Amino acid sequence: MTTEEFKKHAHEFVDWMAEYFESVEEYPVKAQVKPGEIYRKLQAEAPGEPESMEQIFDDFKQYILPGMTHWQSPNFFAYFPANNSYPSVLAEMLTATLGAQCMIWETSPAAAELEERVMNWLKQMLGLPGSFEGVIQDTASTASLTALITARERASGMQINKRGFSANEKYRIYCSMETHSSIEKAVKIAGLGSNSLVKIAVDKDFRMNPGLLEKAIIEDIDNGYNPLSVIATLGTTGTTAIDPLEKIADISSRYKLWLHVDAALAGSALLLPEFRWMIKGIEGVDSFVFNPHKWLFTNFDCSAYFVKDPGLLIKSLEILPEYLKTKSRGKVNDYRDWGIPLGRRFRALKLWFVIRNFGVSGLQEKLRSHLRLTAKLQKMINESGDFEIMAPVPLNTICFRYHPAGEDNPELLDSLNEKLLQDINDSGKAYFTHTRLNGSFVIRFVIGQTNVSEKHVINAWNLIQGTIKRFN
Ligand SMILES: *Cc1c(COP(=O)(O)O)cnc(C)c1O
């Protein structure tokens, strides 16, 4: 491809991108395809001869687009969002163009220093302690794994890195029953073994019960175990429950546990001073992660990981083969030592674009608008009579179910709600996902999409009610 051709296609693509954003809500939100359908349509063998960009782009539109779920649709209320925004997409274009591999300072000093700067911005924006230092990771899963490895190395005096596990460590890690599955995965990968993970029961609001946490720790110590770490969640994936951080921090400091906070979604809400109560006790926290790629309008992937003691993090993960030795080492941040992969994408740029172009007040206004919509919908569900809200709503997520008066058979309620969810998702007009709370099937309504407005929420609520009418 020549430079002239590249320019021509790039301009066409930008036109298509703008049109896509303008019309994204007209696509079926959840891809309406069957397993294997796309695969069968794709050429069985890689082309031997060059194909034109026109042909490739046509195939993108014909074969790929129908198999995409439209995460940027304002009718996407499923999972948690992975939202983007215009400034973020513009930055991603530049990042792709520069194509830099930002593993160490010398491989792109601007990437390292911009990362340091935007992580400091985020720290201030969220109200995290000044002594914390941040680094961008790909995902919260990786950040939590990093936390557990550092916890392990602190406890073993850097010995497990060296000699591996012996039979007598007997570590214990604590989290709640509502903790994200990435924690169990991290426990496995860090070599701690999933049997070492103790899941503490939650209270009626799905928050970790700190009394039961302390009881479990005491029992474990009595039985010869070695309590290592506790993971507190701000904004659980099921219901966005907020674990009581201050009490958990107090217990962690008394028993000298590594306290890791998983605030993947809820971290963004800390931009709002009225949510800072969630991090009361943060001085006792060793590590903290949240995902700008969830609810901060920054393209996936971008996860912000903060630690109290970066020296310990680096000591746990650093490597220094001859070919990576540089003169600048020690004077600058070589972020390859702050995480698991050596190679690093230039992720700070999109965050810089987003924070500058929205401004802190613009970001706050977006988040508040989502929270206002959530409160409004919550009121409508409460007033509807035939629906019930199944968990507290501290943030932007409502767990609810259809529950017609007089119908109390749990299996029937589950199957009615499963059918409701399926019918709506099959309509392509909105997309929801579910969870189970105290055994009951509930639908999650998450309002975090960049461009979601009142119209979309009301339409989705009308769609739910209309779908129910057709059941009867
Ligand atoms: C989404 C989520 C995660 C996983 O995030 P990734 O960045 O995809 O790894 C972890 N914890 C919580 C609470 C989440 O909501």
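About the thresholds
- Sequence order sets the numbering: in each chain, residues are counted from 1 along the sequence as written.
- Per-residue local features of the predicted model are confined to residues with pLDDT of at least 70, and side-chain atom pairs are confined, for both listing and counting, to 80 or more; whole-chain, interface and lining totals are unaffected and use all residues.
- Hydrogens and water are ignored here; the side-chain numbers use all heavy atoms of the structure.
- Put simply, DSSP H or I for four residues or longer makes a helix, DSSP E for two residues or longer makes a strand, and each gets a number counted from the N terminus.
- Note that the radius of gyration is over C-alpha atoms, with the globule rule given as 2.2 Å times the number of residues to the power 0.38.
- For every residue, the accessible area obtained with a 1.4 Å probe (protein chains only) is divided by the maximum for its type, and the residue is called buried under 20%, exposed over 50%, and partly exposed between those limits.
- What makes two residues a contact is simply this: any of their non-hydrogen atoms within 4.5 Å.
- Here the accessible surface of atoms and residues is derived via Shrake-Rupley with a 1.4 Å probe, and residues count as covered only by protein chains that are part of the display.
- In these notes, residues near a molecule or strand are those with any non-hydrogen atom within 4 Å of it.
- Pairs of N or O atoms are called polar contacts if they sit within 3.5 Å, as long as, within protein, a hydrogen donor faces a hydrogen acceptor (for residues adjacent in sequence, only side-chain-to-side-chain pairs).
- As used in this record, nonpolar core signifies buried Ala, Val, Leu, Ile, Met, Phe, Trp, Tyr and Cys residues forming a set joined through side-chain atoms within 4.5 Å.
- Residue ranges assigned to the domains are those given by an automatic or database domain assignment.
- Two strands make a pair as long as DSSP finds a minimum of two bridges between them.
- Here an angle of 0 to 180 degrees is reported between the N-to-C directions of two axes, which are lines fitted to C-alpha atoms, with helices fitted over the stretch in contact.
- Multiplying one less than the number of residues by 1.5 Å gives the expected span of a helix.
- The arc refers to the directions leading from the helix axis to the C-beta atoms.
- For classification purposes, angles smaller than 35 degrees are called roughly parallel, those larger than 145 roughly antiparallel, those between 65 and 115 roughly perpendicular, and all remaining angles oblique.
- Crossing handedness is read from the near helix: turned anticlockwise from the far helix by less than a right angle, it gives a left-handed crossing, and turned clockwise, a right-handed one.
- Gly counts as polar in this scheme, as do all residues outside two lists: the nonpolar Ala, Val, Leu, Ile, Met, Phe, Trp, Tyr, Cys and Pro, and the charged Asp, Glu, Lys and Arg.

Caption draft 1: Spotlight on the overall build of the chain. A tally of helices and strands in the chain yields 15 helices and 11 strands. The globule rule puts the C-alpha radius of gyration for 472 residues at 23 Å, and the 24 Å found for the chain is close to it. Considering only C-alpha atoms, the chain reaches an extent of 70 × 60 × 45 Å along its principal axes. Buried residues in the chain amount to 51% of all 472 residues. The contacts of the chain with a sequence gap of at least 6 include a subset with a gap of at least 24, amounting to 73%. Here the chain displays about 22000 Å² of accessible surface, and carbon together with sulfur accounts for 53% of that area.

Caption draft 2: Quick look at the site of the ligand. Close to the ligand lie 13 residues, the nearest being Ala140, Ser141, Asp262, Asn291 and Lys294. Within the side chain of His293, a nitrogen or oxygen atom sits 3.3 Å from an oxygen atom of the ligand. One nitrogen or oxygen atom from the side chain of Lys294 is found 2.9 Å from an oxygen atom belonging to the ligand. Burial of the ligand by the protein chains amounts to 88% of its free accessible area of 390 Å².

Caption draft 3: Structural view of the nonpolar core. Grouped together as the largest cluster of nonpolar side chains are 62 residues, with contacts concentrated most on Leu122 and Phe288. The dominant element in this core, judged by the number of residues it contributes, is helix 13 (residues 348-384), at eight residues. Residue contributions to this core reach at least three from each of two domains, namely domain 1 (1-30 + 69-84 + 360-472) and domain 2 (100-345). Setting aside residues up to four positions removed in sequence, Leu122 forms contacts with Phe290, Pro292, Leu296, Ala304, Phe306, Leu351 and Ile355. The next biggest cluster of nonpolar side chains, apart from the first, holds 32 residues, and it includes Leu145, Ala147, Leu192 and Trp258.

Caption draft 4: Highlighting the sheet that holds strand 8 (residues 387-389). With antiparallel pairing, four strands are arranged side by side in an open sheet as 8-9-11-10. The sheet terminates laterally at strand 8 and strand 10 (433-437), the two strands that pair on one side only. The sheet shows a mean angle of 40 degrees between the axes of neighbouring strands, direction not considered. As paired elements, strand 10 and strand 11 (residues 440-446) share five bridges and run antiparallel to each other. Its bridge partner lying in strand 11, Thr435 is registered against Val442. In the packing of helix 13 onto the sheet, contacts are made with strand 8, strand 9 (397-402) and strand 11, and the angle to strand 9 comes to roughly 20 degrees. The strands that helix 14 (residues 410-427) touches are strand 8, strand 9, strand 10 and strand 11; relative to strand 11, the one it contacts most, it runs at about 30 degrees.

Caption draft 5: Structural context of the side chain of Asn83. Within the fold, Asn83 resides in the loop between helix 3 (53-64) and helix 4 (86-98). Of note is the side chain of Asn83, whose polar atom sits 2.8 Å from the backbone oxygen of Gly448. Those residues within four positions of Asn83 in sequence are excluded, and the remaining contacts are Gln72, His293, Lys294, Trp295, Leu296, Phe297, Thr298, Asn299, Gly448, Gln449 and Thr450.

Caption draft 6: Structural detail: helix 15 (residues 454-471). End to end, helix 15 covers 26 Å across 18 residues, agreeing with the expected 26 Å (1.5 Å per residue, within 8%). Looking only at helix 15, the buried set comprises His456, Val457, Ala460, Trp461, Leu463, Ile464, Thr467 and Ile468. Angular distribution of buried residues about the axis of helix 15 spans 150 degrees; they occupy a single face of the element. Exposed residues pointing more than 90 degrees away from the buried face of helix 15 are listed as Lys469 and Arg470.

Caption draft 7: A look at the environment of Ser229. As for its position among the elements, Ser229 is in strand 4 (residues 226-233). Ignoring anything within four residues of it in the chain, the contact list for Ser229 reads Leu148, Ala151, Arg172, Ile173, Tyr174, Leu257 and Trp258.

Caption draft 8: Examining the packing of helix 5 (residues 109-126) against helix 13 more closely. Between helix 5 and helix 13, whose axes approach to 10 Å, the crossing angle comes to 30 degrees. Relative to helix 13, the element helix 5 lies roughly parallel. Here the hand of the crossing between helix 5 and helix 13 comes out left-handed. Contacts between helix 5 and helix 13 pair Ala111, Leu114, Glu115, Val118, Met119, Trp121, Leu122 and Met125 from the former with Ala348, Leu349, Leu351, Trp352, Ile355, Arg356, Val360 and Leu363 from the latter. Looking at side-chain class alone, the contact of helix 5 with helix 13 contains 14 nonpolar, no polar and two charged residues.

Caption draft 9: Representation of helix 10 (residues 245-254). Every buried residue belonging to helix 10 is among Leu245, Ile248, Ala249, Ile251 and Ser252, and all of these are buried. The buried residues of helix 10 all sit within an arc of 165 degrees when viewed along its axis, so they share a single face. Against helix 9 (210-222), strand 4 and strand 5 (258-262) lie the buried residues of helix 10. Positive phi appears at Lys256, one or two residues downstream of helix 10, with a value of about 55 degrees.

Note that all results are geometric; they support no functional claim without further evidence.
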